[in-house]
Amino acid sequence: MRGTTRVKWVVGVAVLGLAATACGSSDDKKDDKGGGGGSNGLPAGYYSAYSTEPQNPLQPANSNENGGFYPLQLMFRGLYTYDSKTGQPVPAMAESVESTDSINYTVKIKSGWTFHNGEPVTAKSYVDAWNWGAVSTNKQINASPWFEKIEGYEATHPKEGEPTSKELSGLKVVDDKTFTIKLVQAYSSFKASLGYVVYSPLPQEFFKDPAKYGEAPIGNGPFQLDTANGGWNHKKSLTVKKYDKYAGTDKPKSNGVQLQFYTSYDAGYTALRDNKLDVIDQIPTSAIGSFKKDLGERAIEAPQFSIQKIGFPLYDAGWGAPGKEKVRQGLSMAIDRASIVKAIYKGAEQPATDWLAPNIPGYSKDITGELTKYDPVKAKQLVKDGGGIPGGKLTIATNADGPHKEWVTAVCNSINEVIGQGSCEPKLYPEFGVARKDISGKKMTGAYRTGWRGDYPFPDNFLADIYQTGAASNDAGYSSPIFDDLAKRASAASDQTEAIKLWQDAERQLAKDVPSIPLWYYVTKGGSSTKVSNVQIDPYGNPVWTEVTVK
């Protein structure tokens, strides 16, 4: 998300990279006649941006973290994209997407679009791509829940055994510009979700060798892989160039982009201040108090559709035992969010009061009730009533290469002051990818940080995609028939008022079960070098790649 998303997980890390190399390698192609980080050795009109090594091959249905999502976002366009100011869906390749019942859709795509190899983008390009992404043996991490909504998913992706079909029965090609979709039930947010990268089209070249394609993808977006300037240089960088035949309205204002992989946001921020990096999407904790002064008008601060949380392994015998929800409730009430936000984020972040983010329909300032209110006395009593912390100590896992150690330590300090010294301590993983493997592989025995950045502006992206039984991003292994029923009814509701009421009822169930603890909402804090202008970051926390202008 950016659907693990989808969805996408808020990485806040850098995969091991060679920062110094990425920022000033003499091996990169040179053209100092132009701007765009000329001193960095980039071609004329190119700029550089902070990123991480993609976790998986670059296939549209196989990324749920920023490292993979950013290259896909640069190189692909689907039926919709999202407004860079409001986050609302706007047509990209869609001429029209019509439905009278939120179950059956007729999609017509625009003419004139081609893949980077010149192949026309047709209705078949979409249907073939979605079919392939849904088939279980292709092991695409975003198959569920994105394709699960389409009729025929169970045959392509059975819970056990081999698929009995390689095609979703709910997809039909009508002609080159038209295809139809039949969902398993009404999903009021389905149309809005079609801007997520998982719903991108694929060229026929993909199906010859998907693994090889994943190393050098051919998309239909505003940028194409720039193999002449390094392409995907693993553990160092990924370079794209402007696609001159791009048919979208958001045509690039630069000649290309190099995503550079750093060892930490601190290293990236240092490079930005030294004008060796042009765009950074997140400021390290150590610079929160100074980045506005450092960057002046180049500092960016804006609301973001994201939330930071602590998750629990409910598949673990200790944490999943009946009654332990009281312990989780007590731990939540032992966290002094306001003081932590003030101390670490200088008050920029907002303490969370539900599992949604501000500006998402249904967001509430009191849906969690006392769960997110600091109450040391009741917190201690709840932990006692629940039989104490499993194993006698809470560990909170996080990656040491991201800007999270500080706040995890602060959360533990708050819990220790309330529950007793030694009750909580951070558990540091060396890299984000290592931590994610244990979390998504359900190998945790303690708590873990679990940030979430929205993929589209609907509650189901923050709730059903994470807490519905069997959802791809349900790392906790949470399962509640009550929550599932409310989520299903909310997703199907055609009336938004009714849908929001049901989603809020579903959140109240989360407040009883506490599969995760909401902490605070992120605010985008980014910046740019003196070599670029018009740098923006959208409500989903993504740089608006096509708008950056190289001086």
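Residues numbered from 1 in each chain as written. Predicted model: local features only at pLDDT ≥ 70, side-chain atom pairs only at ≥ 80, totals over all residues. Heavy atoms only, no water.

1. Regarding the overall build of the chain
On a plain count of helices and strands, the chain comes out with 19 helices and 22 strands. Relative to a compact globule of 551 residues, whose C-alpha radius of gyration would be 24 Å, the chain shows 23 Å and is just as compact. Dimensions of the chain, computed from C-alpha atoms along their principal axes, come out at roughly 65 × 55 × 40 Å. Taking all 551 residues of the chain together, 61% fall into the buried category. As displayed, the chain offers around 20,400 Å² of accessible surface, 50% of which is attributable to carbon and sulfur atoms. (Helix = DSSP H or I, 4+ residues; strand = E, 2+ residues; numbered from the N terminus. Rg over C-alpha atoms; globule rule 2.2 N^0.38 Å. Buried < 20%, exposed > 50% of the residue type's maximum accessible area, 1.4 Å probe, protein only. Areas by Shrake-Rupley, 256 points an atom, 1.4 Å probe, with all protein chains shown as cover.)

2. So, the packing of aromatic side chains
If you walk through the whole model with that rule in mind, you get 29 aromatic pairs. Here F69 and Y70 contribute two aromatic rings whose centre-to-centre distance is 6.4 Å and whose plane-to-plane angle is 55°, an arrangement assigned as tilted. Of the two residues, F69 and Y70, both sit in the buried class. A ring pair is formed by W146 and Y196, whose centres lie 4.4 Å apart and whose planes are at 25°; its orientation type is stacked. Of this pair, W146 sits in helix α4 (residues 143–146) while Y196 sits in the loop between α6 (190–193) and α7 (204–208), and the two are 50 residues apart along the sequence. (Phe/Tyr/Trp six-rings, centres within 6.5 Å; stacked < 30°, edge-to-face > 60°.)

3. Focus: the UniProt feature "domain: Solute-binding protein family" (unreviewed entry) in the chain
Under the present numbering, the feature "domain: Solute-binding protein family" (unreviewed entry) in UniProt falls on residues 88–472. Taken end to end, residues 88–472 has its terminal C-alpha atoms 24 Å apart, with 29% of it in helix and 19% in strand. (UniProt positions renumbered as here; feature names shortened; annotations may be inferred.)

4. Topic: the pairing of strand β8 (residues 178–182)
As paired elements, strand β6 (residues 104–109) and β8 share five bridges and run antiparallel to each other. Along β8, the bridge assignment pairs Y105 with I181. For strand β7 (residues 171–175) and β8, the ladder comprises four bridges, and the chain directions are antiparallel. The partner of V173 across the bridge, within β8, is F179. A loop of two residues connects β7 with β8, the two strands running antiparallel in sequence. (Pairing = 2+ DSSP bridges.)

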